[in-house]
Structure formats: structure tokens, C-alpha cells
Amino acid sequence: MESSHQPSPLTMFCILLIFSLMALSILTQFGWGVFQLYAQIAENGPVIVFDKGVFYLLGGGSGIAILTLYMFYEGVLKLPLTEKVAKILTNSLIGSVSVMFVLPHIVHYPVESYLEGRGYNICEQASYRWFAYREIAYVSNSEACAELIKRKKNRITGGV
């Protein structure tokens, strides 16, 4: 049963603003994470941290942006959703979800190969993993790994 209740323009504006800001902040975080990874690799420092979770954000941010576009199209412009537009939005949403689950793995393997080819090793004790999220610490020497482990223990114990 379809309701004739339409949200007020202020409500619609607030919802679109919140969704737009969420999409923008998520995509900005993705861009910042990619920039940081690139900067660390270009710097050739003793430690490079690969945050696999950042690459999930591209699909998530794109998905929210697509939903926002859909809400704008139907809620603000009051245009009926044509079959062509619905197909484009649906395929884009499916693509963004696919990117969210595939991109982190696609990026991880070339980065790992490149870093291992340059003499970096994974410092397992300084790396972090929770469910699908993974932050991998690559180090160029054992002293850097020991320093990362020490910092991690200090952060956990509060410096005690």
C-alpha cells in the first residue's frame, strides 16, 4: 500500500545533505589513504603501513553517492525512474559493492610484490587484523619491526 505522505522539503534537504556529506567524507578518506600509501612508498622509509581497509571505502562511498543520486532524482527533481535510469543506478550500485569487496585484494598483491621486491618484510607482531580489515606493517629491517612492536605495546598498556 502506497502512502500519500511526502516528506517536507526541509526533511528531504537534511537527508540529502547527510548522505552527500557521508559519501564525500568516505571518498575523501579513501583518497587520503591512497595518498598516504603512495607517499610512504615514494619516501622509501623503514616502515610502510598498508591499510587494506581504506580500499573498502571506495565501494562504500560510491554506493552511498549512488543512493544519494537516486534520492535526488526521485525526491527533489520528482522525475519518474525510467527503466534506463533504474538499470544504470542498479548496475552502478552492484558495481560499487563489487569494488568494495574486490579492490582491497586486487591492490594488496601488487603492493606486496613490489615491497617484497624492494627488501621489505611483513612485521606480523606490529600488523593488525580484525575480521576482513587488515593493516599490514612492512619493514625494511628488524630494528624498525622491534620499534613498531614496542610502540604497539606502549599504546596498548598506556605506556606502563
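Draft legend 1. Broad picture of the pattern of salt bridges. Applying the stated criterion across every chain yields a total of 1 salt bridge. Ionic pairing is found between Glu-147 and Arg-151, a salt bridge with its closest N-O pair at 3.6 Å. Pair noted here: Glu-147 and Arg-151 are both in helix 4 (residues 142–157), with a separation of 4 residues, about one helical turn. Judged by relative accessible area, which is 36%, Glu-147 ranks as partly exposed.

Draft legend 2. Up close: helix 2 (residues 56–76). Here helix 2 contains 21 residues, and its C-alpha end-to-end distance of 30 Å stays within 8% of the 30 Å for a straight helix at 1.5 Å per residue. When we look at burial in helix 2, the residues that qualify are Tyr-56, Gly-59, Gly-61, Gly-63, Ile-64, Ile-66, Thr-68, Met-71 and Gly-75. The inward-facing, buried residues of helix 2 abut helix 1 (9–43) and helix 3 (83–117). Downstream of helix 2 by a residue or two, Lys-78 has a phi angle that is positive, lying close to 55°.

Definitions and limits used
Residues numbered from 1 in each chain as written. Predicted model: local features only at pLDDT ≥ 70, side-chain atom pairs only at ≥ 80, totals over all residues. Heavy atoms only, no water. Salt bridge = Lys/Arg side-chain N within 4 Å of Asp/Glu carboxyl O. Helix = DSSP H or I, 4+ residues; strand = E, 2+ residues; numbered from the N terminus. Buried < 20%, exposed > 50% of the residue type's maximum accessible area, 1.4 Å probe, protein only. Expected span 1.5 Å × (residues − 1). Contact = heavy atoms within 4.5 Å.

This is a description of form; function is not addressed.
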